[in-house]
Amino acid sequence: MRDIDALLASLPTELWIGGEQVPASEGRTFPVHNPATGDVLIEVADASAADGATALAAAADSQRTWAATPARERAEILRRAWELVNVCRDDFALLMTLEMGKPLAESYAEVTYGGEFLRWFSEEAVRVNGRYTRSPSGNGRILVSKQPVGPTLAITPWNFPLAMGTRKIAPALAAGCTMLVKPAAETPLTMLLLGQIFKEAGLPGGVLAVLPTSQPAALTEPLFADRRLRKVTFTGSTGVGKTLLTQAATRVLQSSMELGGNAPFVVFDDADLDAAVEGAMAAKMRNTGEACTAANRIYVDNSVLDEFTEKLTTRMQALKVGPGHLDGTQVGPLITEKQRTSVDDLVRDATAKGAFIMTGGAKQVGEGYFYEPTVLTNVPADARILREEVFGPVAAIRGFDGEDDAVAAANNTEFGLAAYIYTSDLGRALRVSEALECGMVGVNRGIISDVAAPFGGVKESGIGRESGSEGIEEYLEVKYTALP
Ligand code: NAD
């Protein structure tokens, strides 16, 4: 494994503006912590509103040239960035484990997944099409073309420090947009390293800026108000997303929102129970439960409820919890003490209302923000954990009777990102999938993210789609030219 001190000593820690590392204009820095210990890993530059203005000026200046750069050239830069991310796999993986806490094996999986957006959109860059038709009246011709939206602000969360960035940066650059990225304060190191990768890949200076900050609103509010900014793309909580949409509304700023989830995981009586348990482990425990697609509410047909619960509990009890960089770790720490307390509060609320703890149910004693893998059963319908995103290693199980009951329970939420169903009946799988109010459904699968598939939610889970062939459309405007 890469030496941790050597990796940290080699890291870029200043802002990326105009293709260069620059200190924050006010000279401020802020600490990045290791959630496995609570210790400070390193200090990084703390961007202010003035830095945001400098970066936006560079992005606006570069916009026209970047949009006019042949798509093939833009594609080659993205492709080189993908290759370089893979050359630096070990650094990216260890860095994500250090700043975010996930087990090293999951960090490597994210390097692959996050890197793939660069390759995928390098391929999509050269396939932006329009259309040409005759008007039905015969009185004219219709030319429809697509143009880059323009300078875009991306705001990303801490849970997938690489992938949540590349899922925005890659389609934006492919479409011909310039971009400012504001990573989460908890995990800025991965994006700062990606800034260096883009420099090495030959990206022209002003096209991409990376602006970590400890004061997000102070940086982003003036950007929202600046007429040179044409779009915001946000991944994070629904609460912050609503605040940003309100700000965006004052300028009718184009907005893409990937927000919170509250995924139901529905196990029908005809499901292969072992496969369902396997799927539940993946859907629940990936990223220590800190995923927007995480199975938050596990609904099981009452006829197989006890068997499923027993099997899942056995699997959860066998998990090895520990610092992510140690061999064999399967569950890392939560991101902060605040996050750990909010997970614990949801568990306390559920048990106070009648839920049983099958395993876990408490903060782990010792350093770091570890929480025991937990299974709750008999969770009452009014428990907060069935309504709020838990974002932790807690499986909340509740029984149901029949398909209608399952669908009603699954849809009983303001969220609509992902859902999972386990059944051996294809007709039921399609019927239930159509009835579920969400953007993505996994049928007999616990992991659904795929670079080639449209990712996104309905209801309060968001607006727009990322990845797939849909992803690049978020960064393109449609123009109609009327011809004689
Ligand atoms: P968060 O909303 O607290 O923060 C997300 C980002 O917004 C961070 O960069 C943060 O610094 C920034 N931010 C916070 N307040 C801001 C403000 N007033 N102005 C400007 N920026 C601000 O979310 P989080 O805790 O980092 O991430 C977890 C959330 O993200 C969960 O709700 C999860 O479901 C969601 N998420 C959604 C997806 C998806 O694709 N739908 C993917 C990953 C995570």
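About the thresholds
- Residues numbered from 1 in each chain as written.
- Predicted model: local features only at pLDDT ≥ 70, side-chain atom pairs only at ≥ 80, totals over all residues.
- Heavy atoms only, no water.
- Buried < 20%, exposed > 50% of the residue type's maximum accessible area, 1.4 Å probe, protein only.
- Helix = DSSP H or I, 4+ residues; strand = E, 2+ residues; numbered from the N terminus.
- Pairing = 2+ DSSP bridges.
- Right-handed = clockwise from strand over helix to strand, strands pointing away.
- Salt bridge = Lys/Arg side-chain N within 4 Å of Asp/Glu carboxyl O.
- Axes fitted to C-alpha atoms, helices over the stretch in contact; angles between N-to-C directions.
- Contact = heavy atoms within 4.5 Å.

*Asks:* Can you break down the pairing of strand β13 (residues 295-301) residue by residue, with the values?
*Replies:* Burial of β13 is extensive: seven of the seven residues sit out of reach of the surface. Sheet analysis places strand β12 (residues 263-267) next to β13, joined by five bridges and oriented parallel. Directly across from P264, in β13, lies its bridge partner R297. Each parallel crossover has a hand, and for β12 linked through helix α10 (residues 273-285) to β13 it is right-handed. Where β13 meets strand β16 (residues 394-400), five bridges bridge the pair, whose relative direction is parallel. Following the sheet pairing, Y299 is matched in β16 by R398.

*Asks:* Any chance you could break down the pattern of salt bridges for me, citing the residues and the numbers?
*Replies:* For the coordinates displayed, the defined rule picks out 24 salt bridges. Here the residues in one salt-bridge network are D269, D270, E403, R428 and R431, joined through shared partners.

*Asks:* Outline the sheet that holds strand β17 (residues 418-422), supporting the account with residue identities and numerical values.
*Replies:* In sheet architecture, strand pairing relies on hydrogen bonds along the backbone and comes in two forms, parallel and antiparallel. Spatial ordering of the open sheet is given by β14-β15-β16-β13-β12-β17-β18, a layout of seven strands whose pairing is mixed. Every other strand in the sheet has two partners, leaving β14 (356-359) and β18 (440-443) as the edge strands with one partner each. Here the average twist between neighbouring strands, direction ignored, is 25°. Those strands touched by helix α12 (residues 337-352) are β14, β15 (374-377) and β16, and its axis lies near 25° from that of β15.

*Asks:* Describe the sheet that holds strand β6 (residues 141-148), and please don't skip the residues or the numbers.
*Replies:* The three strands lie next to each other as β5-β6-β20, forming an open sheet whose pairing is antiparallel. Since the sheet does not close on itself, it has two edges, and those belong to β5 (131-134) and β20 (476-483), each with one partner. Across this sheet, the average inter-strand angle for adjacent strands is 20°, counted without regard to direction. Note: β5 against β6, four bridges, orientation antiparallel. Residue pairing for β6: T133 is matched across the bridge by I142.

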